[in-house]
Amino acid sequence: MAIKMVLLSVVSVTGISGILAALLVIAERYLANYGECKIDINQGNKVLTVQGGASLLSSLGREKIFLPSACGGRGTCGYCKCKVVEGVGPLLPTEEPLLDPKEREQQIRIACQVKVKQDLKIMIPEELFNIKEFDARVAVLKDLTYDIKLLRLQLLDPPEITFKAGQYAQLQTKPYENVKDAVSRAYSMASPPSSQNHIDLMIRLVPEGICTTWVHQYLKEGEQVKLIAPVGDFYVREGEGEMIMVAGGSGMAPLASILEDLAEKKSERKITYFFGAVKKRDLFYLDEMHALEQRLPNFRFVPALSAPDPEDGWEGETGLITVPLQNYIQNRDNTGVQAYMCGSPGMINACVGVLTKHGIEKKNIFFDPFA
Ligand SMILES: Cc1cc2nc3c(=O)[nH]c(=O)nc-3n(C[C@H](O)[C@H](O)[C@H](O)COP(=O)(O)OP(=O)(O)OC[C@H]3O[C@@H](n4cnc5c(N)ncnc54)[C@H](O)[C@@H]3O)c2cc1C
Ligand code: FES
């Protein structure tokens, strides 16, 4: 009886708290009026006047100032960091997991979580002013594998882009079926910076994924889309040492761009690229990689299959990509080696473990986890 009473009280308290929280959200959304607020950027370099109540990320976006954002404002990627010097309340629980103690000390906040409710003073790096919104037309949409498509976007307005090989674009979806709101997701540019009038993206279908389902099942050649670019700090750093590259699936995209760019620049650096796939049906861009081996004198492409079918007749490397990677870097001097990796966070974490175990310094390891 006593247990029943306790359970009943817990359920009632939880229910009432839930209702109150929902009422607060509704009141905040529909009743709160923060009026016009000023956002002072970089000590008066630019001052925006915005309608209060929206997130800092979207308020800036409406004024065509774009912060990096891979999750479209869901508070999961942590890319939209921004220094807020004045005008915000204490850190929100949704921001806490995305900020380390040093960032908190430096007044860094998660811009998609912070709301503009009064005048704000913020600081953003100058290079972010180069991120632009583009209108583009789908010029090509074709299969690379059974679950990866190549999407070529012809840029219309502005008609050209300048970016560093390795950076990404934020593609905006349109509403379809039950998805009523547009979302934006990050996709690395697979074409080289020299192709200024178009960008290629390689998009792997994520089951139930909002953007990838739209691209794979609803988007058509000829349609117009919007994107924001260039974003990100995944690009080749100065150095003379060997570059070790690792990718899986659509992680091929930024490395294809980087390799083509290096070939155009006639790079002589030693480059070894490990590409992981499950079966032969997951391999693509092999001809392009072999052509790059001809153009880059010190480049070697090493595909590996983790579970080839007997009918694949696979005679190359087998096992998870960490296996050929470890075999290659163990028992040698790895001083000056840089590593560049793209793919699932699991693959990247496993590879970082192997690289650091064999003497490659963390400061020389660069990656974009695709999550
Ligand atoms: C910097 C950066 C660059 C990227 N570049 C590329 C690229 O070049 N090509 C590419 O295909 N993707 C890339 N991604 C991943 C991409 O941004 C999306 O996360 C992915 O396409 C899923 O989007 P979605 O809207 O279809 O799925 P969502 O609707 O966002 O997610 C649906 C469900 O799938 C899960 N999920 C999300 N992403 C993945 C994933 N990758 N694998 C498995 N499950 C997932 C989510 O947790 C969620 O439960 C990149 C990500 C980042 C951060
Ligand atoms: S946009 Fe991803 S956490 Fe803010």
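Residues numbered from 1 in each chain as written. Chains lettered and ligands numbered in written order. Predicted model: local features only at pLDDT ≥ 70, side-chain atom pairs only at ≥ 80, totals over all residues. Heavy atoms only, no water.

Looking at the pattern of salt bridges
Taken as a whole and assessed by the stated rule, the structure comprises 13 salt bridges. In this structure, arginine 332 and glutamate 242 form a salt bridge, with 3.2 Å as the shortest nitrogen-oxygen distance. Taken together, the residues arginine 332 in the loop between helix H7 (322-329) and strand S16 (338-343) and glutamate 242 in the loop between strand S11 (224-231) and strand S12 (243-248) connect sequence positions 90 residues apart. Of the residues examined, arginine 332 reaches a relative accessible area of 28% and is grouped as partly exposed. On the basis of relative accessible area, glutamate 242 is assigned to the buried category, the value being 9%. Put simply, arginine 295 and glutamate 260 hold a salt bridge, and the shortest N to O gap is 2.9 Å. Here arginine 295, found in helix H6 (residues 286-295), pairs with glutamate 260, found in helix H5 (residues 252-264); they are 35 residues apart in sequence, far enough to count as distant. (Salt bridge = Lys/Arg side-chain N within 4 Å of Asp/Glu carboxyl O. Helix = DSSP H or I, 4+ residues; strand = E, 2+ residues; numbered from the N terminus. Buried < 20%, exposed > 50% of the residue type's maximum accessible area, 1.4 Å probe, protein only.)

Topic: the site of ligand 1
Every one of the 22 residues lining ligand 1 counts as a neighbour, but Arg185, Ala186, Tyr187, Met202 and Thr212 are closest to it. In this structure, an oxygen atom belonging to ligand 1 sits 2.9 Å away from a main-chain N or O atom of arginine 204. Contributing elements (two or more residues each) for the shell around ligand 1: strand S9 (184-188), strand S10 (198-204), helix H4 (210-218) and strand S17 (365-369). By residue number, the principal contributor to the shell around ligand 1 is S9, which donates 4 residues. Among the residues forming the shell around ligand 1, the class breakdown is 14 nonpolar, 4 polar and 4 charged. (Near = heavy atom within 4 Å. Polar contact = N/O pair within 3.5 Å; in protein donor to acceptor, adjacent residues only side chain to side chain. Nonpolar A, V, L, I, M, F, W, Y, C, P; charged D, E, K, R; others polar.)

Some details on H5
When the terminal C-alpha atoms of H5 are compared, their 18 Å separation across 13 residues agrees well with the 18 Å that a helix rising 1.5 Å per residue should span. Among the 13 residues of H5, 11 are classified as buried, and the element is accordingly described as predominantly covered. Restricting attention to buried positions, one finds in H5 the residues Met252, Ala253, Pro254, Leu255, Ala256, Ser257, Ile258, Leu259, Asp261, Leu262 and Ala263. Positive backbone phi, at 55°, marks lysine 266, one or two positions downstream of H5. (Expected span 1.5 Å × (residues − 1).)

Details of the nonpolar core
Counting 34 residues, the largest nonpolar core has Met202, Met245, Tyr273 and Met289 as its most contacted members. Secondary structure elements with two or more residues in this core: strand S7 (148-157), S12, H5, strand S13 (271-277), H6, strand S14 (299-305) and S16. If one sorts the elements of this core by residue count, H5 sits on top with 8 residues. In terms of domain composition, this core takes at least three residues from each of domain 2 (131-231) and domain 3 (243-369). Apart from residues no more than four positions distant in its own chain, methionine 289 is found in contact with Met252, Ala256, Leu259, Tyr273, Phe299 and Phe301. (Core = buried A, V, L, I, M, F, W, Y, C linked by side-chain atoms within 4.5 Å. Domains from an automatic or database assignment. Contact = heavy atoms within 4.5 Å.)

Here's the deal with the domain arrangement of the chain
One can read the domain layout of the chain as domain 1 (36-128), domain 2 (131-231) and domain 3 (243-369). Placing a centre on the C-alpha atoms of domain 1 and another on those of domain 2 gives a separation of 25 Å. At the junction of the two partners, domain 1 supplies 12 residues and domain 2 supplies 10 residues. Interface of domain 1 and domain 2: buried area, both sides summed, is about 840 Å²; carbon and sulfur atoms make up 50% of it. A per-residue breakdown of the area domain 1 buries against domain 2 is headed by Phe66, Ser69 and Ala70, which together make up 48% of the total. There are 1 salt bridge connecting domain 1 and domain 2. (Buried area = accessible area lost by both parts, 1.4 Å probe.)

Section: the environment of lysine 132
Considering the arrangement of structural elements, one finds lysine 132 in strand S6 (residues 132-143). Residue contacts for lysine 132: discarding those within four places in its chain leaves Phe66, Pro158, Leu227, Ile228 and Ala229.

Some remarks on the packing of H5 against H6
A packed helix pair is summarised by two numbers, namely the angle formed by the two axes and the spacing between the axes. Where H5 meets H6, the closest approach of the two axes is 10 Å, and the angle between their N-to-C directions is 25°. The pairing of H5 with H6 is recorded here as roughly parallel in orientation. Taken as a pair, H5 and H6 cross one another with a handedness that is left-handed. The segment H5 lies against H6, with Met252, Ala256, Leu259, Glu260, Ala263 and Glu264 engaging Met289, Leu292 and Arg295. Counted by class, the contact of H5 with H6 contains 6 nonpolar, no polar and 3 charged residues. (Axes fitted to C-alpha atoms, helices over the stretch in contact; angles between N-to-C directions. Parallel < 35°, antiparallel > 145°, perpendicular 65-115°, else oblique. Left-handed = near helix turned anticlockwise from the far one by under 90°.)

Concerning the environment of alanine 70
With respect to the secondary-structure elements, alanine 70 resides in the loop between helix H2 (56-62) and strand S3 (81-86). Along the chain, alanine 70 and glutamate 315 lie 245 residues apart, while their C-alpha atoms are 38 Å from each other. Filtering out sequence-adjacent residues up to four positions away, alanine 70 remains in contact with Cys77, Tyr79, Ser184, Arg185 and Ala186.

Remarks on unusual backbone geometry
Here the amide bond leading from aspartate 157 into proline 158 is cis, since omega sits at -10°, within 30 degrees of zero. Mapped onto the secondary structure, proline 158 falls in the loop between S7 and strand S8 (168-172). Cis geometry is adopted by the peptide bond preceding proline 230, which originates at alanine 229 and carries an omega value of -5°. Mapped onto the fold, proline 230 is located in strand S11. Even without glycine at this site, glutamate 177 takes up a positive phi of about 40°. Tracing the sequence through the fold places glutamate 177 in the loop between S8 and S9. Given a relative accessible area of 58%, glutamate 177 falls into the exposed group.

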